[in-house]
Amino acid sequence: MTTSRTAPVRQIRDLSGLLDHASHVLATRMAAAFTELGITPRAYGVLFHALAAERTQIQLAELADLDKTTMVVTVDALEKAGLAERRPAAADRRARIVRVTEAGERAVERGTAIADRVHREVLESLPRDERAVLVAALSRLVGGGGALADPVGCERTVRRARRPRG
């Protein structure tokens, strides 16, 4: 015979669940919106960071929070689409700089408008007085010194969704 037990009552709202769900839904909205451009939000993020400054694939992978293999596949796709090209770095011929082509620059411009539109639509679903409060609070949490700025050490690997920042 099994006895049923009552689960403890949470005293504080489950931030992990809220943030995970919000992140997932926002990522799907962004991916759907970027289909009109024919690239992924990840590809946009790489192009965006490559356009901002001359950076190597390794530097771009770090900025876009991509592992090495995913970065190579992403740049391969960008090259195939004519949006970027690899060039040897002047300082280290083994390293590759990702240069954004003119078509890639246009994609970054359109992608920025798409990302801004999606973010605006999400924020506009809140009452006007709550929008700035949400952005400011999240910015403080993930900003330098915030409680969610840096991962803490953990014996178990904690996997996270890879997605572009910015």
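The structure displayed is predicted, hence computed values, not measured ones.

A. A look at the overall build of the protein chain. In terms of helices and strands, the protein chain carries 6 helices and 2 strands. Listing the helices and strands of the protein chain from first to last along the sequence gives α-α-α-α-β-β-α-α. Compactness check: the protein chain gives a C-alpha radius of gyration of 20 Å against a globular reference of 15 Å for 166 residues, more than 25% above the reference. Taking all 166 residues of the protein chain together, the buried fraction comes to 25%. Partitioning the contacts of the protein chain with sequence separation of at least 6, the portion at a separation of at least 24 is 55%. When the accessible surface of the protein chain is split by element, carbon and sulfur atoms take 55% of a total near 12,300 Å².

B. Quick peek at the packing of aromatic side chains. Using the criterion set out here, one finds 2 aromatic pairs in the structure. Note on tyrosine 44 and phenylalanine 48: the rings are 5.8 Å apart at their centroids and 45° apart in plane angle, and the pair reads as tilted. Within this pair, tyrosine 44 and its partner phenylalanine 48 are both found in helix α2 (residues 41-52), separated by 4 residues, close to a single helical turn. Taken together, the ring pairs connect Phe34, Tyr44 and Phe48 into an aromatic cluster.

C. Spatial organisation of the pattern of salt bridges. Counted according to the given criterion, the structure contains 8 salt bridges. Ionic pairing is found between glutamate 79 and arginine 86, a salt bridge with its closest N-O pair at 2.4 Å. Its relative accessible area of 30% is what places glutamate 79 among the partly exposed residues. Note that arginine 117 and glutamate 121 form a salt bridge whose closest N and O atoms lie 3.8 Å from each other. Of this pair, arginine 117 and glutamate 121 are both found in helix α5 (residues 102-124), 4 residues apart, which corresponds to roughly one turn of the helix. On the basis of relative accessibility, which here comes to 37%, the residue glutamate 121 falls in the partly exposed class. Look at the salt bridges and you will find they share partners, linking Arg29, Glu36, Arg117 and Glu121 into a network.

D. Inspection of the nonpolar core at higher detail. Within the largest apolar cluster, 26 residues are counted, with the highest numbers of intra-cluster contacts made by Phe34, Ile39, Val46, Leu47, Met71 and Leu78. Of all elements in the fold, only α1 (15-34), α2, α3 (57-63), α4 (68-80), β2 (96-100) and α5 reach the threshold of two or more residues within this core. Apart from residues lying up to four places away in sequence, leucine 78 is in contact with Ala43, Val46, Leu47, Leu83 and Ala84.

E. Region of the structure containing α5. A rise of 1.5 Å per residue sets the reference length of α5, with its 23 residues, at 33 Å; its end C-alpha atoms lie 33 Å apart and thus fit the reference within 8%. For α5, every residue scored as buried is listed here: Gly104, Ala107, Val108, Gly111, Ile114, Ala115 and Val118. Where α5 is buried, its residues meet α1, α2 and β2.

F. Region of interest: unusual backbone geometry. With phi around 60°, aspartate 65 is a residue other than glycine that occupies positive phi space. Here aspartate 65 shows up in the loop between α3 and α4.

G. Structural view of the environment of aspartate 92. Mapped onto the secondary structure, aspartate 92 falls in the loop between β1 (84-88) and β2. Looking at aspartate 92, the relative accessible area reads 28%, which means it is partly exposed. Between the alpha carbons of aspartate 92 and threonine 56 there is a distance of 9.9 Å; along the sequence they are 36 residues apart.

H. Quick peek at the confidence of the model for the protein chain. Taken as a whole, the protein chain shows an average pLDDT of 90; of its residues, 93% reach a score of 70 or greater. Taken element by element, the predicted model of the protein chain shows its lowest mean pLDDT in α3 (93) and its highest in α5 (97).

Scoring rules and cut-offs
Residues numbered from 1 in each chain as written. Predicted model: local features only at pLDDT ≥ 70, side-chain atom pairs only at ≥ 80, totals over all residues. Heavy atoms only, no water. Helix = DSSP H or I, 4+ residues; strand = E, 2+ residues; numbered from the N terminus. Rg over C-alpha atoms; globule rule 2.2 N^0.38 Å. Buried < 20%, exposed > 50% of the residue type's maximum accessible area, 1.4 Å probe, protein only. Contact = heavy atoms within 4.5 Å. Areas by Shrake-Rupley, 256 points an atom, 1.4 Å probe, with all protein chains shown as cover. Phe/Tyr/Trp six-rings, centres within 6.5 Å; stacked < 30°, edge-to-face > 60°. Salt bridge = Lys/Arg side-chain N within 4 Å of Asp/Glu carboxyl O. Core = buried A, V, L, I, M, F, W, Y, C linked by side-chain atoms within 4.5 Å. Expected span 1.5 Å × (residues − 1). pLDDT = per-residue confidence, 0-100.

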